[in-house]
Amino acid sequence: MSDEQAPNAGEEYALKEYFIKYMEEIKGLSEASIKHYMGALDTVISRYLKEKGLVNHSIFEIKSLKHLLDVQEILKKDPDFVALNEKGHRMYRSGLQSYIDFARGQWSDSHKDEDTKVELSKLDEPIPREKYHYEITSERYRRSPIIKHQVLKAEHYLCEVDHHHETFIVNNTNHAYMEGHHVIPLSHQKQFKYSLDIYANVICLCPICHRLLHYGRISDREKILDQIYGERSERLAKSGLDISRRDFFDLAESR
């Protein structure tokens, strides 16, 4: 397993919390069904992956959608897991598929595209930073590519500053190229009790607006930040990040 693929214990535990709430709020599953799915993922599948050397502790450590899909393909072709899945009435494969659908940002077919953003906001909740288990590499906090992917998908790959901003189409996704941006930088994580790598703090931006927020004139940056604060302050507060407009500006501008 390469360093790029190697999971880190606890790295994606925020996704575990979000997945549970997704099953409750979006899928409307019963407490018993959620318990079965979590048992399949958190116990049986995680133990199996650990024995195979594919994770250190849990499937929720896997940090990218590509790696998660690779693991799914490995399990599909593993005769021991296939037999185990049949013995478990196919609950293990079903639980894994449900988690992958969640990671992809795929909601029920009955939901309209324009509702996806609203549904994602239903998952907002405080994620304790110690539970998330941040790991610093080269003085940078690790971030979840899955959370970024879900946000870009929920925003339909449109710049949140202005939906009319155009970029190029990415070859392997056929979507407009957009970038995920942490409005409150992860470098300020120690100042907060709750995680900053969360849905409410990640926005979808075109490359120009993204660079503007990093390098643009203060007056231009504050115009965009004022818009973002107006749109995200309630969601940030719901996620445990209840800060004033001025503090939001100061943190967002100090990179």
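The model shown is predicted, which means the values in this text are computed figures rather than measured ones.

### Structural notes on the overall build of the protein
Here is step 1: On a plain count of helices and strands, the protein comes out with eleven helices and four strands.
Here is step 2: Looking at the protein residue by residue over its 255 residues, the buried ones come to 45%.
Here is step 3: Taking all contacts inside the protein whose residues are at least 6 apart in sequence as the whole, residues at least 24 apart take part in 72%.
Here is step 4: About 13400 Å² of surface is accessible on the protein, with carbon and sulfur atoms providing 49% of the total.

### Some words on the pairing of strand β4 (residues 202-205)
Here is step 1: Because side chains alternate across β4, one face comprises the buried residues Val202 and Cys204, and the other comprises Ile203 and Leu205, equally buried.
Here is step 2: One ladder, built from four bridges, connects strand β3 (residues 179-182) with β4; its direction is antiparallel. Bridging across to β4, His182 finds its partner in Val202.

### A short note on the packing of helix α5 (residues 91-104) against helix α8 (residues 145-154)
Here is step 1: Viewed as axis vectors pointing N to C, α5 and α8 meet at an angle of 60°, and their least axial separation amounts to 8 Å. Contacts between α5 and α8 pair Phe102, Ala103 and Arg104 from the former with Ile146, His149, Gln150 and Lys153 from the latter.
Here is step 2: Considering only residue class, the contact of α5 with α8 consists of three nonpolar, two polar and two charged.

### Concerning the packing of aromatic side chains
Here is step 1: For the structure shown, the criterion picks out eleven aromatic pairs.
Here is step 2: Ring geometry for Tyr22 against Phe102: centres 5.1 Å apart, planes inclined by 50°, an arrangement best described as tilted. In this pair, Tyr22 sits in helix α1 (residues 13-26) while Phe102 sits in helix α5, placing the two residues 80 residues apart along the sequence.
Here is step 3: Of the residues examined, Phe102 reaches a relative accessible area of 0% and is grouped as buried.
Here is step 4: In this structure an aromatic cluster arises from ring pairing among Phe19, Tyr22, Phe60, Tyr99 and Phe102.

### Structural notes on the nonpolar core
Here is step 1: In this structure, Phe19, Ile45, Ile59, Phe102, Tyr199 and Phe248 are the most contacted members of the largest nonpolar core, which totals 70 residues.
Here is step 2: Among the elements that line this core, the one with the most residues is helix α2 (residues 31-51), at nine residues.
Here is step 3: When sequence neighbours within four positions are dropped, the list of residues in contact with Ile59 reads Leu41, Ile45, Ser46, Leu49, Leu68 and Leu96.

### Some points on the environment of Cys159
Here is step 1: With respect to the helices and strands, Cys159 occurs in the loop between α8 and β3.
Here is step 2: Sequence separation between Cys159 and Cys204 is 45 residues, and the spatial gap between their C-alpha atoms is 5.6 Å.
Here is step 3: What Cys159 contacts, discounting residues up to four positions off in sequence, is His165, Met178, Cys204, Leu205, Cys206 and Cys209.

### Some words on the environment of Gln227
Here is step 1: For Gln227, the location among the structural elements is in helix α10 (residues 218-238).
Here is step 2: As for Gln227 and Val161, which are separated by 66 residues in sequence, their C-alpha atoms are 7.7 Å apart.
Here is step 3: Polar side-chain contacts of Gln227 include one of 3.0 Å to the backbone oxygen of Glu160.

### Observations concerning the pattern of salt bridges
Here is step 1: Applying the stated criterion across every chain yields a total of 13 salt bridges.
Here is step 2: Residue Glu125 pairs with Lys21 through a salt bridge whose shortest N-O separation is 4.0 Å. Placement of the pair is Glu125 in the loop between α6 (116-121) and α7 (129-132) and Lys21 in helix α1, with a sequence separation of 104 residues.
Here is step 3: With relative accessibility at 14%, the residue Lys21 sits in the buried group.
Here is step 4: Between Arg245 and Asp226 there is a salt bridge, and its shortest N-O distance comes to 2.3 Å. A residue pair is termed long-range when its members are at least 10 positions apart, and Arg245 in helix α11 (residues 245-253) and Asp226 in helix α10 qualify at 19 residues.
Here is step 5: One salt-bridge network, in which partners are shared between bridges, spans Glu155, Glu160 and Arg232.

Here is what the cut-offs are and how they apply
- Residues numbered from 1 in each chain as written.
- Predicted model: local features only at pLDDT ≥ 70, side-chain atom pairs only at ≥ 80, totals over all residues.
- Heavy atoms only, no water.
- Helix = DSSP H or I, 4+ residues; strand = E, 2+ residues; numbered from the N terminus.
- Buried < 20%, exposed > 50% of the residue type's maximum accessible area, 1.4 Å probe, protein only.
- Contact = heavy atoms within 4.5 Å.
- Areas by Shrake-Rupley, 256 points an atom, 1.4 Å probe, with all protein chains shown as cover.
- Pairing = 2+ DSSP bridges.
- Axes fitted to C-alpha atoms, helices over the stretch in contact; angles between N-to-C directions.
- Nonpolar A, V, L, I, M, F, W, Y, C, P; charged D, E, K, R; others polar.
- Phe/Tyr/Trp six-rings, centres within 6.5 Å; stacked < 30°, edge-to-face > 60°.
- Core = buried A, V, L, I, M, F, W, Y, C linked by side-chain atoms within 4.5 Å.
- Polar contact = N/O pair within 3.5 Å; in protein donor to acceptor, adjacent residues only side chain to side chain.
- Salt bridge = Lys/Arg side-chain N within 4 Å of Asp/Glu carboxyl O.

Fair warning: the whole summary comes from geometry, so function is off the table for now.
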